[in-house]
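Each chain is listed here by its residues.
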Amino acid sequence: MAQHNPAVPTQHSPHLAHHFDTLEQQYDAANAGMWLFLATEIMLFGALFVAYAVYRFVYPETFFEASRHLAIPAESPWYLRSVFLGTINTTVLLVSSLTMALAVHAAQTGKRNRLVWLLLATMVLGTVFLGIKGLEYFLKYEEHLIPGPNFIFEQANRNQAQLFFLLYFIGTGLHAVHMVIGLGLLAYLVFQSRKGRFTPEWFTPVEMGGLYWHFVDVVWVFLFPLFYLIGLHE
Amino acid sequence: MSSISTPRPQDNFYHDEKYGFRPWLKSWLLTTDHKRIGILYMFAINFFFAIGGLLATGIRAELVTPAADMVNSEVYNRIFTSHGIIMIFFFLIPSIPATLGNFLIPLMIGAKDLAFPKLNLLSWYIFMLAGFFALYTLFTGGIDTGWTFYTPYSTTYANTGVIPMGIAIFIAGFSSILTGLNFIVTIHKMRAPGMTWFRMPLFVWSHYATSLIQVLGTPVLAMTVILLALERIFRIGIFDPQLGGDPVLFQHLFWFYSHPAVYIMLLPGMAIISELITCFSRKRIFGYKFVAFSSLAIAIFGFLVWGHHMFTSSQSVFAGMVFSLISFVVAVPSAIKVFNWTATMYKGRIYYEAPMLYALGFLGLFIIGGLTGLFLAATAMDVHLHDTYFVVAHFHYIMVGGTLMAYIGGLHFWWPKITGRMYSEIWGRISALVVFAGFNLAFFPQFILGQLGMPRRYSSYPEEFQIYHVLSSAGSSILAIGYALPVVYLLLSLKFGPKAPSNPWGATGLEWTTTSPPPTHNFDKTPVVTEEAYSYNPQDPGIFRAQGKW
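Caption draft 1: Up close: the interface of chain B and chain A. The interface is formed by 41 residues belonging to chain B together with 36 residues belonging to chain A. Interface area for chain B against chain A, summed over the two sides, is near 3400 Å², with a carbon-plus-sulfur share of 70%. In terms of surface lost to chain A, no three residues of chain B exceed B:Lys112, B:Met223 and B:His521, which account for 18% of the buried area on that side. In this structure, the connection of chain B to chain A is made through one salt bridge. B:Lys112 is paired through a salt bridge with A:Asp21; the nearest N and O atoms lie 3.1 Å apart.

Put into structure tokens, the structure is as follows:
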């Protein structure tokens, strides 16, 4: 298959695929591809945000009440309120973006040990986020806020509130799926960087993993106020 | 140009290092060569076209008589729904980009491959997986919601395979996204030295615009299908008005993808026509930049007109007016293309080779399809014509008369490049004429039917409509013959066709500078481009005519 063409100057990097001329061209292609992929992700979540915008526009009072109920459920201690857990999670995720950005920098400067540890730290923070998210889901389950036959909501119209929680679960659930995928990618990066595959000349996968991780963070930055905070102002 | 070059066998992308069936199969199923993947796609897509065609035969057979006597309404619903879904999601959307686009874009811009060859192969496997789910749905009772999946019918009332077909479409979307993403990056980053943006063939420009829609539109459909599936499985109201949901929101989300998807299907057809018209008129294209930018304009405006599918579904009058206006605007870039193609032919030296006959057929049919689209974009007119056979005829003129004509024309044009063999020119011309005649007979009566008030999606109808339906069914039989002919003579050409020279048509474009079929790495050495595309000279005939009775 891979016949080398003597007419084309081949660079001696083991990372250069046969159909590229230079590592730079290869990096540019990967980068452009990743950004385009993130654009498709924006459109995917965008459809959900449109649905949210439509229903919030149609049922503003219910969405206010439902968000308030989501953030500060009655009779729960402060440390189990979603607004507290969500704020912690936001912080955790933003810090994980920092460790990820530092990891990319470590890869760029060829510091292998630091790269491994920063990737691991990012993974730990991501896992903490998912743990807290799971706790939140469990609390919602106990409060009968899972949409379906057992959904109970008395502060406002039940069906309209159910729509709010439906969007909440789809939005945060899809975000969580992306986090799990991100953790898988990070595990792969840890594995590869322990083997010393990344060099200052070639660290494209780390950079791409970083872009993905930051994107997932940004999605959360939009989800958090739309679901947790809109009911908090008086 | 007329000399027959005889490439060494190892300079041919069909050539394998090892012999035997299993190494051969492996070398195809694990290939990352864009040319081989284009051929893999070609098999898959033509297979689905055959299935969709069979289903269409069922529709036309039922409609010969006014009564629902061949199948009952429930079966009829499944037949036309399956026809629509298979043809749109498994034939038209991937058709030209995944086959000819895949094969030609790297060749046209002087690259060794697409930017992400493995993703390209992955997209084929994803497509096959989606195709498996679609076939599974067909063989386990089909689906009867119409290809539009309108809620609440699809979520609450339909008892057919909405979920497996939804999965099929969801998965197929990923393959479409990967193809589009690959093309965009390839066109940006892989062009040969000297291949500036305005030296690219218009085929590439059009595919670039198509890819933009694929990348930006398809995820919205993915989310819509997810919401639809959740509502159907868990009986929770996203689109169900009884539970506070809004069924029209589904229509908005659905058409936000599915209207631009019309341009995913059409733009690659226009891509082919630009190549065919210039080559067989021996003229440089009239207004290169206008044709190039009109592709982008169609892609951009195409995203802003989805509401014209919903003039009659509770959309506000103001929104209807705005959507109507923008729908008229999107006709402008399409018209620019048509005018520029005809201006290209003006004073050209025109050759009526089979691909050119298909291109001329495209022009005529696309003009009718496009102009009737303006009738439908007028809000008052649409109230009368909405969901009638007028709509059916309109989009078949675009999709079949436009895209399919272009696809078959392109297949003939690049057949020597893809296979290294010449097909039978005389049979090619006959089939082009049969397709054109059969198509018009099949679909023109449907304009009249729709105007007279015959609604779409019914298996029975009043007797006064019968004459038009009989004409239409007769036309579709002729059309079927027109499609069967190329299958026969193209396949025969693989064995009996004369060997093709590297440039049988005397065409410009880098793909014609390499051997037919091209070597695995496309070019012996990276080409350097020094002139614009379509530098044709009317004095230079340069058409290769094979000798002998073939």
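Let's pick the thread back up.
Caption draft 2: Representation of the side chain of B:Arg456. Among the secondary structure elements, B:Arg456 is positioned in the loop between helix H14 (425–452) and helix H15 (466–496). Beyond its immediate chain neighbours, meaning those up to four positions away, B:Arg456 contacts B:Trp147, B:Asp387, B:Thr388, B:Tyr389, B:Val391, B:Val392 and B:Phe395.

Caption draft 3: Structural context of the confidence of the model for chain A. Looking at chain A, pLDDT values average 92 and 94% of them are 70 or higher. Every residue in residues 1–10 of chain A is under pLDDT 50, and counting partners more than four places away or in other chains gives 15 contacts.

Caption draft 4: Up close: empty space enclosed by the protein. All names here are of chain B. Counted by the stated rule, this structure contains two cavities of 30 Å³ or more. Counted as a void, the largest cavity has a volume near 130 Å³. Put simply, the parts of the chain that give the lining of the largest cavity at least two residues each are helix H3 (73–109), helix H6 (162–189) and helix H7 (202–234). The greatest single-element share of the lining of the largest cavity, amounting to six residues, is contributed by H6. In terms of residue class, the lining of the largest cavity is made up of ten nonpolar, six polar and no charged. Roughly 60 Å³ of volume is contained in the second largest cavity. Around the second largest cavity, the lining residues are Phe 89, Phe 149, Ile 169, Leu 221, Thr 224, Val 225, Leu 228, Phe 250 and Phe 254. Going through the elements one at a time, H7 and helix H8 (247–281) are the ones with two or more residues in the lining of the second largest cavity. For the lining of the second largest cavity, the element with the most residues is H7, which contributes four residues. Looking at the lining of the second largest cavity residue by residue, the classes come out as eight nonpolar, one polar and no charged.

Analysis parameters
Residue indices begin from 1 for each chain and proceed along its sequence in written order. By the order in which they are written, chains take letters starting at A while ligands take numbers starting at 1. Residue-level local features of this predicted model are given only where pLDDT is at least 70; pairs of side-chain atoms are given and counted only at 80 or more, and the full residue set underlies all totals for whole chains, interfaces and linings. Hydrogens are left out, water is left out, and the side-chain values use all remaining heavy atoms of the structure. The contact criterion used throughout is that any non-hydrogen atoms of two residues lie within 4.5 Å. Accessible area that two parts lose when put together, with a 1.4 Å probe and added across both, is what the buried area reports. Definition used for salt bridges: Asp or Glu carboxyl oxygen within 4 Å of a side-chain nitrogen of Lys or Arg. Runs of H or I in DSSP of at least four residues are treated as helices and runs of E of at least two as strands, each being numbered from the N terminus. pLDDT expresses, on a scale from 0 to 100, how confident the predictor is about each individual residue. Think of a 1 Å grid over the protein atoms and nothing else: a 1.4 Å probe that fits but is trapped marks a cavity, an open set flanked by protein within 12 Å on at least five of seven lines marks a pocket, and residues with an atom within 4 Å of a point count as lining. Grid points are joined across faces, edges and corners, and a volume is the space filled by probe spheres set on the points. Think of it as three bins: nonpolar holds Ala, Val, Leu, Ile, Met, Phe, Trp, Tyr, Cys and Pro, charged holds Asp, Glu, Lys and Arg, and polar takes everything else, Gly as well.

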